[in-house]
Amino acid sequence: MTRTPVNVTVTGAAGQIGYALLFRIASGHLLGADVPVKLRLLEIPQGLKAAEGTAMELDDCAFPLLRGIEITDDPNVAFDGANVALLVGARPRTKGMERGDLLEANGGIFKPQGKAINDNAADDIKVLVVGNPANTNALIAQAAAPDVPAERFTAMTRLDHNRAISQLAKKTGAAVTDIKKLTIWGNHSATQYPDIFHAEIAGKNAAEVVSDQQWLADTFIPTVAKRGAAIIEARGASSAASAANAALDHVFTWVNGTADGDWTSMGIPSDGSYGVPEGLISSFPVTCKDGKYEIVQGLNINEFSRARIDASVAELVEERDAVRGLGLI
Ligand code: NAD
Ligand code: LMR
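Quick notes on the rules
Residues numbered from 1 in each chain as written. Chains lettered and ligands numbered in written order. Predicted model: local features only at pLDDT ≥ 70, side-chain atom pairs only at ≥ 80, totals over all residues. Heavy atoms only, no water. UniProt positions renumbered as here; feature names shortened; annotations may be inferred. Helix = DSSP H or I, 4+ residues; strand = E, 2+ residues; numbered from the N terminus. Buried < 20%, exposed > 50% of the residue type's maximum accessible area, 1.4 Å probe, protein only. Pairing = 2+ DSSP bridges. pLDDT = per-residue confidence, 0-100. Lys, Arg positive; Asp, Glu negative; His and termini not counted. Salt bridge = Lys/Arg side-chain N within 4 Å of Asp/Glu carboxyl O. Contact = heavy atoms within 4.5 Å. Near = heavy atom within 4 Å. Polar contact = N/O pair within 3.5 Å; in protein donor to acceptor, adjacent residues only side chain to side chain. Areas by Shrake-Rupley, 256 points an atom, 1.4 Å probe, with all protein chains shown as cover. Nonpolar A, V, L, I, M, F, W, Y, C, P; charged D, E, K, R; others polar. Core = buried A, V, L, I, M, F, W, Y, C linked by side-chain atoms within 4.5 Å.

The chain appears in an unreviewed UniProt entry as Malate dehydrogenase from Streptomyces ficellus. Per UniProt, the comment on the chain under Catalytic activity (unreviewed entry) is "(S)-malate + NAD(+) = oxaloacetate + NADH + H(+)".

Caption draft 1: Expanded view of the UniProt feature "active site" (unreviewed entry) in the chain. As annotated in UniProt, the feature "active site" (unreviewed entry) corresponds to His-188 in the numbering used here. With respect to the secondary-structure elements, His-188 resides in the loop between strand S8 (183–185) and strand S9 (193–195).

Caption draft 2: Spotlight on the pairing of strand S14 (residues 292–295). Side chains of S14 alternate between two faces, with Tyr-293 and Ile-295 buried and Lys-292 and Glu-294 left unburied. Pairing of strand S13 (residues 281–289) with S14, which is carried by 4 bridges, proceeds in the antiparallel orientation. Within the sheet, the bridge partner assigned to Thr-287 lies in S14 and is Glu-294. Once S13 ends, the chain turns through 2 residues before running back antiparallel as S14, passing Asp-290 with a positive phi of about 50°.

Caption draft 3: Here's a closer look at the confidence of the model for the chain. Taken residue by residue, the chain gives an average pLDDT of 96. The fraction at 70 or more is 99%. Confidence metrics for the complex model read pTM 0.98 and ipTM 0.99.

Caption draft 4: Looking closely at the side chain of Arg-152. Position of Arg-152 among the secondary structure elements: in the loop between helix H5 (134–143) and strand S6 (153–155). Although buried, Arg-152 forms no salt bridge, and the nearest oppositely charged side chain, Glu-151, lies 4.7 Å from it. Arg-152 has contacts with Asp-123, Asp-124, Ile-125, Lys-126, Val-127 and Trp-254, leaving out every residue within four places of it along the chain.

Caption draft 5: Focus on the environment of Val-209. For Val-209, the position within the fold is in helix H7 (residues 206–210). On the basis of relative accessibility, which here comes to 36%, the residue Val-209 falls in the partly exposed class. As a C-alpha pair, Val-209 and Leu-326 span 117 residues in sequence and 47 Å in three-dimensional space. Ignoring any residue separated from it by four or fewer positions in sequence, one finds Val-209 in contact with Thr-172, Ile-201 and Lys-204.

Caption draft 6: Layout of the site of ligand 2. If you check the shell around ligand 2, you find Asn-132, Leu-159, Arg-163, His-188, Gly-228, Ile-232, Ser-238 and Ser-239 and nothing else. Measuring from an oxygen atom of ligand 2, one finds a side-chain N or O atom of Ser-239 at 2.7 Å. For ligand 2, whose free accessible area comes to 270 Å², the fraction covered by protein is 73%. Those elements that provide at least two residues to the shell around ligand 2 are helix H6 (158–172) and helix H9 (227–235). Of the residues contributing to the shell around ligand 2, the split by class is 2 nonpolar, 5 polar and 1 charged.

Caption draft 7: Expanded view of the nonpolar core. Of all hydrophobic cores here, the largest spans 41 residues; its most connected members are Leu-168, Leu-182, Trp-185, Ile-196, Phe-220, Phe-284 and Val-286. Elements that contribute at least two residues to this core include exactly H6, S8, H7, helix H8 (213–225), strand S12 (264–269), S13, S14 and helix H11 (303–325). Counting residues per element, this core draws most heavily on H8, which supplies 5 residues. With near-sequence residues (within four places) excluded, Ile-196 lies in contact with Leu-168, Leu-182, Ala-206, Ala-207, Val-210, Leu-216 and Phe-220. In terms of nonpolar packing, the next biggest core, distinct from the first, is built from 33 residues, Ile-25, Val-84, Leu-86 and Leu-159 among them.

Written out as structure tokens, the structure reads:
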């Protein structure tokens, strides 16, 4: 059977994550090894030439699943008929920039892109925001797209999720595949909370296997939460291949489902679960099935976890209030 290609839009396509992402999308790692794709690359005018170079290289790979590449600096063209949108391009914080300046600069990107998605995307559009501050950028885009169901706007915390699995595997000597049900709560920032109290290592409770509260509080949580900064310090540039890999994982799981007995972490609009104010885009434990996600309900949140979830959610509330004050939502 010949499948209709899926339209995948990538913003910031000429950036370092874009370069690590596009070849893997075209080789089937976003949606599946049997799903053809058409790529739309959105860049600012200064990025178009580099995006054209990347498109030449994509052509040179002769990927069987790649059915077309279009490059544009017009969001209305980029999101026309889009089924999946990966919003990677964002304004990085530069010297002398205050947090409010950063939010405002990104509002200038994510508000028009949200509107362009609203006006042009396919009915089944799924959006993943990678560009930082990812949760609040997703909120801005979602608010500008009133005709798209809010739950289609998500923010990436899968990199944090994968980082946490890897750190836990290293500590316990387990294989990464033995670790299930780990959760990232809150914001993709240093306040995020990687929670192992419900996680399992080869079927045993992870917190009991580790049984070292000091390692948890003083090593594990800060290592995962500050990993992005540690990569920047070591590499002189922010994570790119691992971020691209996490974006592929996020969408692949959303579309193709979580495994039985496991869940993943996604930044999604809160429905009020676990005391997270409704509408905030916060990371939760979710299961995915048939292209939809659901928050895992009924987890017992201990005092240690509660304080940390609340702190990260408080930061998201602050960011939401700041962008509201700027008229961005
Ligand atoms: P980069 O600077 O290499 O590339 C960004 C690209 O976006 C540039 O090519 C730029 O021209 C383009 N761009 C800027 N404004 C645009 C617009 N309005 N429309 C289209 N394209 C636009 O950055 P990068 O390393 O690829 O990172 C991209 C973003 O991802 C950054 O905000 C980074 O902080 C973030 N990030 C998030 C995570 C996460 O886990 N959520 C992890 C790593 C990086
Ligand atoms: C990461 O987690 O690696 C990035 O979000 C860091 C950054 O500031 O780009």
